[in-house]
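Chains, contacts and geometry: an overview
Residue strings, one per chain:
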Amino acid sequence: MRNFIMLSFVIFLFSYLSSCVEQKSLPLHIVIDLKENTERIRYSQFAKSVDYIELNTNDSCIISDISKIFLDEDTLIVLDQDRAGVLVFTKDGRLVKQINDYGNGPNEFVDITAFALDSVLNQICIFDWSTQRIMRYSYNGELLSTYHMNSFVRDFAVLNDEINLCFLPFYSKELPYGVWLSDTNNVVVKRYDTKVPADYQFEFIGTNYVSSNQGILYYDRNWDNISAIPKDTLEVLYIVLPLFRPLDQPFTYMKAF
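Not measured: the values here are computed from a predicted model.

With that settled, the discussion passes to the overall build of the chain. The helix and strand inventory of the chain stands at one helix and 18 strands. For the chain, the proportion of its 257 residues judged to be buried stands at 42%. The long-range fraction of contacts in the chain, counting pairs at least 24 apart against all pairs at least 6 apart in sequence, stands at 41%. Accessible surface for the chain amounts to roughly 15100 Å². Of this, 50% is attributable to carbon and sulfur atoms.

Rendered as structure tokens:
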């Protein structure tokens, strides 16, 4: 239940902040009453309208554990972590292709550790931690290219010119960590100052980010903050802090920076 509330809140907050960032009008505080939880989250709380897309799958392609969804104009792309892999649909829900080439072969992946879209080239990018490779597919499921990654990432987004915005929210002595830019030749183009101390090697599994017209909005679960990454800078917009109240009235709030 708590995970459902947290996920719903993150979706709402990203939608809200995307609008605020584009309008350059961030409120100073967002107060959240943790006692006022409910089993139902109404879409009207964070959306003006709702459209439904019925995904037309078949018996050999069953979706059971969706972990990420991308919508790129007329293409809907879904990641299912329960071995269904990446599924590509039209905007009407027709299944175009299922990418689930699990295995140890040269054109296969052992696991989908992270998954992103290159919306400029219309390509699906899959990172497999076991082989340290990023595999690029067309929206029709054709394998286009494969290249090795020297570093481990928890998640990544693809920017222009095939530059990867990489996320690893804990300290690593040997590898890049925090947030950085890397190209297809494993050259670190830029490191962002995320101020992760050397003794901070713990990680909350799972990252969240959304793309907006102004760049990337990234939620760091380790530090409970939300940052905007337009291009050359990383700016913390909000940090989650406790608001001290009586024990029977738990509150928290989002403080703007």
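Now that the structure is up, let's keep going.
With that settled, the discussion passes to the environment of glutamine 81. Within the element layout of this structure, glutamine 81 appears in the loop between strand 3 (75-80) and strand 4 (85-90). Looking at glutamine 81, the relative accessible area reads 34%, which means it is partly exposed. The spacing of glutamine 81 and isoleucine 66 is 15 residues in sequence and 6.4 Å in space, taken between C-alpha atoms. Among all residues touching glutamine 81, those that are not within four sequence positions of it are Asp65, Ser67 and Ile112.

Let us now look at a nonpolar patch on the surface. Together, Tyr43, Val50 and Tyr52 line one region of the surface with nonpolar side chains, adding up to about 370 Å² of accessible area. Examined against the element boundaries, tyrosine 43 turns out to sit in the loop between strand 1 (29-33) and strand 2 (66-72).

Attention now moves to the pairing of strand 13 (residues 188-191). Sheet topology note: the strand 12 (residues 178-182)/strand 13 ladder contains three bridges and is antiparallel. In the sheet register, tryptophan 180 faces strand 13, and the bridge partner there is arginine 191. Following strand 12, the chain reverses through five residues before pairing antiparallel with strand 13; asparagine 186 in that reversal takes a positive phi of roughly 65°.

Taking burial as the measure, the five residues of strand 11 (residues 164-168) include five buried ones, the bulk of the element. Judged by which residues are buried, strand 11 turns out to be covered on both faces: Asn164, Cys166 and Leu168 on one side and Leu165 and Phe167 on the other are all buried. Relative to strand 11, strand 10 (residues 155-158) runs antiparallel, the two being bridged by four bridges. Counterpart to aspartate 155 in the pairing with strand 11 is phenylalanine 167.

A word on the environment of alanine 114. Take alanine 114: it is sitting in strand 6 (residues 114-118). What makes alanine 114 buried here is its relative accessible area of 3%. Spatially, the C-alpha atom of alanine 114 lies 6.1 Å from that of isoleucine 126, the residues being twelve residues apart in sequence.

Here we take up the nonpolar core. Residues Val86, Phe115, Ile124, Phe156 and Leu165 are the most contacted members of the largest nonpolar core, which totals 42 residues. With residues up to four places along the chain from it excluded, the contact list for leucine 165 reads Asp155, Phe156, Ala157, Leu159, Val179, Trp180, Leu181, Tyr192, Ile216 and Ile229. Grouped together as the second largest cluster of nonpolar side chains are six residues, Val78, Ala84, Leu87 and Phe89 included.

This part is about the pattern of salt bridges. Going through the model one piece at a time under the given rule, you end up with three salt bridges. Here aspartate 155 makes a salt bridge to lysine 68, at a shortest N to O gap of 3.1 Å. Here the residue aspartate 155 occupies a position in strand 10, and lysine 68 occupies one in strand 2, the gap between them amounting to 87 residues. In this structure, the salt-bridge partner of arginine 136 is aspartate 118, at a minimum N-O distance of 3.1 Å. With arginine 136 in strand 8 (residues 133-138) and aspartate 118 in strand 6, the pair connects residues that are 18 residues apart, well separated along the chain. Given a relative accessible area of 1%, aspartate 118 falls into the buried group. Residues participating in the shared-partner salt-bridge network are Asp118, Arg136 and Glu162.

Unusually for a residue other than glycine, glutamate 73 sits at a positive phi of about 55°. Among the secondary structure elements, glutamate 73 is positioned in the loop between strand 2 and strand 3. Overall, the relative accessible area of 74% leaves glutamate 73 in the exposed class.

Cut-offs used in this document
- Residues numbered from 1 in each chain as written.
- Predicted model: local features only at pLDDT ≥ 70, side-chain atom pairs only at ≥ 80, totals over all residues.
- Heavy atoms only, no water.
- Helix = DSSP H or I, 4+ residues; strand = E, 2+ residues; numbered from the N terminus.
- Buried < 20%, exposed > 50% of the residue type's maximum accessible area, 1.4 Å probe, protein only.
- Contact = heavy atoms within 4.5 Å.
- Areas by Shrake-Rupley, 256 points an atom, 1.4 Å probe, with all protein chains shown as cover.
- Patch = residues over 30% accessible without salt bridge, like charges linked within 9 Å, V, L, I, M, F, W, Y side chains within 5 Å.
- Salt bridge = Lys/Arg side-chain N within 4 Å of Asp/Glu carboxyl O.
- Pairing = 2+ DSSP bridges.
- Core = buried A, V, L, I, M, F, W, Y, C linked by side-chain atoms within 4.5 Å.

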